[in-house]
Amino acid sequence: MSYTKNPTDPTGIADALTTALSMNAVDTSFSADILAAGSSVTLETGDVVWLSCIVHDRPETPQIDFLTVAIAAKNGAPWIKPNSQPVCSVFWKGVWPENLAALSIDTVRKALLMIAMGEAQPQVPITNPDPPPAAQQQDALPVGDVATSWSIRTAIQAATQLDAALTDVL
């Protein structure tokens, strides 16, 4: 798996972002911050994805919260499903303050963006504190199976199947 950064973003990304946040019950008042932090990439599959990750600490949690958004694009604009929702992935990830201090905001953001793109882990390796024979490198944010549900590749695969013509299975 791989990706290349695009020089321009899909048109209409602001509207798709507002819809993606709303359908995931995320406050849209800070969407300007999310837009400013975003950029577009092309996956090795040819799929174009707009991504963003920001720190937005939610007062109801004890951790420092990161909001990550990935929106798929098709033909230069956000990919909209027949139900008028964008093909997207929106998720929160909390990081304990001491872990964030050890890793840095940039490292956590990069790890979350890699997870959102569905890139194989570890993409953001750090030294493992466990002694050998344990692996001496681990991913900055080991998230396990949940990463599949956060991956825009999963959303693209589902949308592609929904777009396909129905076939008679009998």
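Remember, predicted model here, so these are calculated numbers, not experimental data.

Visitor: I'd like a description of the overall build of the protein, backed by residues and values.
Guide: The number of helices and strands found in the protein is six helices and eight strands. Along the protein, helices (α) and strands (β) appear in the sequence β-α-α-β-β-β-β-β-α-α-β-β-α-α when read from the amino end. In the protein, which comprises 170 residues, the share counted as buried stands at 39%. At a minimum sequence separation of 6, the contacts of the protein that also span at least 24 residues come to 59%. Of the roughly 9200 Å² of accessible surface on the protein, a fraction of 55% belongs to carbon and sulfur atoms.

Visitor: I'd love a proper account of helix H6 (residues 152-163), names of residues and values included.
Guide: One turn of an α-helix holds 3.6 residues; hence residues three or four places apart share an orientation. Taking 1.5 Å of rise per residue, the twelve residues of H6 would be expected to cover 16 Å, and the 16 Å separating its terminal C-alpha atoms lies within 8% of that figure. One side-chain oxygen at the N-terminal end of H6 lies 3.0 Å from the backbone nitrogen of arginine 153; it belongs to serine 151.

Visitor: I'd like a description of the layout of surface pockets, backed by residues and values.
Guide: Taken as a whole, the largest pocket spans an internal volume of roughly 210 Å³. For the largest pocket, the lining is made up of 13 residues, of which Lys5, Ser39, Val41, Leu51 and Leu113 are closest to its centre. Those elements that provide at least two residues to the lining of the largest pocket are strand S1 (3-5), strand S2 (39-43), strand S3 (48-55) and helix H4 (105-117). Here the lining of the largest pocket takes five residues from H4, the largest share from any one element. Within the lining of the largest pocket, the residues separate by chemical class into eight nonpolar, two polar and three charged.

Visitor: Give a detailed account of the environment of leucine 112, specifying residues and quantitative values.
Guide: Considering the arrangement of structural elements, one finds leucine 112 in helix H4. Accessibility expressed as a relative area gives 0% for leucine 112, which makes it buried. Sequence-wise, leucine 112 and leucine 67 are 45 residues apart; in three dimensions their C-alpha atoms are separated by 8.9 Å.

Visitor: An account of the pattern of salt bridges is needed here, citing residue identities and associated values.
Guide: The final tally for this structure, using the stated rule, is three salt bridges. Residues joined by salt bridges that share partners form a network here, namely Glu44, Glu119 and Arg153.

Visitor: Before we move on, can you summarise the pairing of S3 with the specific residues and values?
Guide: With six of eight residues buried, S3 lies mostly within the body of the structure. Bridging between S2 and S3 involves four bridges; their strand directions are antiparallel. Note that in S3 the partner of serine 40 across the bridge is tryptophan 50. In this structure, the hairpin formed by S2 and S3 is closed by a connection of four residues, where glycine 46 is found at a positive phi of approximately 95°. Bridge count between S3 and strand S4 (residues 64-74): eight bridges; the pairing is antiparallel. Each residue of the ladder has a partner; that of valine 55, found in S4, is phenylalanine 66.

Visitor: Give me the packing of aromatic side chains: which residues, what numbers.
Guide: Using the criterion set out here, one finds one aromatic pair in the structure. Between the aromatic rings of phenylalanine 91 and tryptophan 150, the centroid separation amounts to 4.2 Å while the plane-to-plane angle is 0°, which identifies the pairing as stacked. Taken together, the residues span a long stretch of sequence, with phenylalanine 91 in strand S6 (residues 88-95) and tryptophan 150 in helix H5 (residues 146-150) at a distance of 59 residues. Exposure remark for phenylalanine 91: the relative accessible area of 4% places this residue in the buried category. Sitting over the ring of tryptophan 92, arginine 58 keeps its end group 4.2 Å from the ring centre.

Visitor: So what's going on with the environment of valine 95? Residues and values would help.
Guide: In this fold, valine 95 is placed in strand S6. On the basis of relative accessible area, valine 95 is assigned to the buried category, the value being 4%. Distance from valine 95 to aspartate 65, taken between C-alpha atoms, is 6.4 Å for residues 30 residues apart in sequence.

So, how was this worked out
Counting restarts for each chain, with residues numbered from 1 along the sequence as it is written. Under the rules for a predicted model, residues below a pLDDT of 70 receive no local features and side-chain atom pairs below 80 are neither given nor counted, while totals for whole chains, interfaces and linings still include all residues. Just so you know, side-chain values use all the structure's heavy atoms and leave hydrogens and water out. For helices the rule is a DSSP run of H or I covering at least 4 residues; for strands it is a run of E covering at least 2, with both sets numbered from the N terminus onward. Burial status follows relative accessibility: with a 1.4 Å probe on protein chains alone, a residue under 20% of its type maximum counts as buried, one over 50% as exposed, and anything between as partly exposed. Note on contacts: a residue pair is in contact if any heavy atoms of the two residues lie within 4.5 Å. For the accessible areas, the method is Shrake-Rupley and the probe is 1.4 Å, while residue cover comes only from the protein chains on display. By definition here, a helix of n residues has an expected span of 1.5 Å times n minus one. Counting of polar contacts relies on pairs of N or O atoms within 3.5 Å, with two restrictions inside protein: one atom must be capable of donating a hydrogen and the other of accepting it, and residues adjacent in sequence are counted only when both atoms are side-chain atoms. Definitions used for this entry: grid spacing 1 Å over protein atoms alone; cavity, a set of points where a 1.4 Å probe fits but cannot get out; pocket, an open set with protein on both sides within 12 Å along at least 5 of 7 lines; lining residue, one with an atom within 4 Å of a point. Grid points are joined across faces, edges and corners, and a volume is the space filled by probe spheres set on the points. Gly falls in the polar group here, along with every residue not listed as nonpolar (Ala, Val, Leu, Ile, Met, Phe, Trp, Tyr, Cys, Pro) or charged (Asp, Glu, Lys, Arg). By salt bridge we mean one thing: a side-chain nitrogen of Lys or Arg within 4 Å of a carboxyl oxygen of Asp or Glu. Here, a strand pair is defined by DSSP locating no fewer than two bridges between the strands. Pairing of aromatic side chains here covers Phe, Tyr and the six-membered ring of Trp, requires ring centres within 6.5 Å, and sorts the geometry by plane angle: under 30 degrees stacked, over 60 edge-to-face, intermediate tilted. Over a ring means this: the NZ of a Lys or the CZ of an Arg is within 6 Å of the ring centre and within 35 degrees of the ring normal.

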